[in-house]
Amino acid sequence: ATMLSDKQKQAEFNLATLKRRDADITEILDMSAHVVLYQFNETTQAWDRKNVEGGLFVVARASDPAHMFVVMNRLSNDNVVEAVTSDFQMELTDQFLLYRNERQEINGIWFYAAAERASIAELLQGLIAGSAGESTARPAADSASGSGGEAALQQATGGVPAPNGQDAAATSAAAGGSSPASTAA
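Residues numbered from 1 in each chain as written. Predicted model: local features only at pLDDT ≥ 70, side-chain atom pairs only at ≥ 80, totals over all residues. Heavy atoms only, no water.

**Here's the deal with the confidence of the model for the protein chain**
For clarity, the threshold we go by: For every residue, the predictor states its confidence as a pLDDT score lying anywhere from 0 to 100. Only DSSP runs of H or I reaching four residues or more are called helices, and only runs of E reaching two or more are called strands; each is numbered from the N terminus. Residues are treated as being in contact if the distance between any of their heavy atoms lies within 4.5 Å.
Residue-level pLDDT values for the protein chain average 81, and 74% of them are 70 or greater. Element-level pLDDT for the protein chain is lowest in helix 4 (residues 166–174), with a mean of 48, against a maximum mean of 97 in strand 3 (residues 67–73). Counted against residues more than four places away or in other chains, residues 135–148, with its pLDDT under 50, gives three contacts. Across residues 170–185 the pLDDT falls below 50, and counting only partners more than four positions away or on other chains, this stretch makes 17 contacts in the model.

**Here's the deal with the environment of N51**
With respect to the helices, strands and loops of the structure, N51 is situated in strand 2 (residues 46–61). Separated by 13 residues in sequence, N51 and Y38 place their C-alpha atoms 8.5 Å apart. When residues no more than four places from it in sequence are discounted, the contact partners of N51 are N73, L75 and S76.

**Considerations on the pattern of salt bridges**
Quick note on the threshold: Each salt bridge in this description consists of a side-chain nitrogen of Lys or Arg and a carboxyl oxygen of Asp or Glu lying within 4 Å of one another. Working definition: with a 1.4 Å probe on protein chains only, accessible area under 20% of the residue-type maximum means buried, over 50% means exposed, and in between means partly exposed.
Counted under the stated rule, the structure contains five salt bridges. Here D24 ties to R61 by a salt bridge, and the two come within 3.9 Å at their closest N and O atoms. In this pair, D24 sits in the loop between helix 1 (6–21) and strand 1 (25–41) while R61 sits in strand 2, placing the two residues 37 residues apart along the sequence. Between R49 and E53 there is a salt bridge whose closest N-O contact spans 2.7 Å. A relative accessible area of 8% places E53 in the buried class. Residues participating in the shared-partner salt-bridge network are D22, D24 and R61.

**Digging into the pairing of strand 3**
Spelled out, the test is: When DSSP finds two or more bridges between two strands, those strands count as paired.
Taken across its seven residues, strand 3 has seven buried, putting it largely inside the fold. Residues H67, F69, V71 and N73 of strand 3 are buried on one face, and the alternating residues M68, V70 and M72, pointing to the opposite face, are buried as well. As paired elements, strand 2 and strand 3 share seven bridges and run antiparallel to each other. When the sheet's bridge partners are listed, V59 is paired in strand 3 with M68. Connecting strand 2 to the antiparallel partner strand 3 that follows it, the hairpin turn spans five residues. Bridge analysis of strand 3 against strand 4 (residues 80–83) gives four bridges, and the strand direction is antiparallel. Each residue of the ladder has a partner; that of V71, found in strand 4, is V80. Where strand 3 hands over to strand 4, the hairpin turn is made up of six residues, counted between the paired strands.

**Quick notes on the nonpolar core**
Applied cut-off: What is meant by a nonpolar core is a set of buried Ala, Val, Leu, Ile, Met, Phe, Trp, Tyr and Cys residues, joined one to another through side-chain atoms within 4.5 Å.
Core analysis: the biggest nonpolar cluster contains 20 residues, and F69, I109 and L124 have the highest contact counts within it. Only strand 1, strand 2, strand 3, strand 6 (96–100), strand 7 (106–111) and helix 2 (114–134) provide two or more residues apiece to this core. Ranked by residue count, the leading element in this core is helix 2, at five residues. In contact with I109, other than residues within four places in its own chain, are V35, V36, L37, L56, F69, Q95, F96, L97 and Y99. Ranked by size, the runner-up nonpolar core spans nine residues in total, among them W47, L98, I106 and L153.

**Quick word on the packing of aromatic side chains**
Where we set the bar: Here is the rule: rings of Phe, Tyr and Trp (six-membered ring for Trp) pair when centre to centre is within 6.5 Å. Planes less than 30 degrees apart are stacked, more than 60 are edge-to-face, and the remainder are tilted.
Enumeration according to the criterion identifies seven aromatic pairs in this entry. Considering the side-chain rings of W110 and Y112, the 6.3 Å spacing of their centres and the 75° angle between planes classify their relative orientation as edge-to-face. Taking relative accessible area as the criterion, W110 reaches 6% and is therefore assigned buried. Aromatic rings pair up to connect Y38, F40, W47 and F96 into one cluster.

**Things to note about the environment of K50**
Quick reminder of the rule: Each polar contact in these results corresponds to two N or O atoms within 3.5 Å; when the atoms are within protein, one needs to be able to donate a hydrogen and the other to accept it, and residues that are neighboring in sequence are counted only if both atoms are side-chain atoms.
Position of K50 among the secondary structure elements: in strand 2. When the C-alpha positions of K50 and F40 are compared, they lie 9.9 Å apart, and in sequence the two are 10 residues distant. Beyond its immediate sequence surroundings of up to four residues, K50 is in contact with L37, Y38, Q39, E105 and N107. Here Q39 takes part through its side chain, which lies 3.3 Å from a polar atom of the side chain of K50.

In structure tokens:
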């Protein structure tokens, strides 16, 4: 038997940990070692940092919703779990992946590694398009190719720029760079 790489061992450990919280999770499609969440406050028209940071996992499940992402919160037991369905609205900005959840909250995910932000966004877009294709309940409208959701998010935040993520980076560094060094695959 060949020795499992550290990355494979870590992936198996992460999957086991996720399955303890949700037995229907079947696999991890992608992950980011360290993210910080912000929420757009529509009253103050500003971004508030949520008490959530840790690893982000995009997962496949055996039941509905077929896909979701989970942030394993290092700051509390309060993990963030969001379904990724055809209704999921997201937008990629220079610093953030913005999304609107089922509770109509607008959240921003800051990624410690910029490359992970782009690859996770691409994966989520594919899953959203895929779930729109599977759904027979509603006709597939060509106009719903993501652009509508992006405009809606920009309008909703009134063009208020997302926080620049510097405070998140500072916190991460202050915590001794608590994210594991990401090794290029």
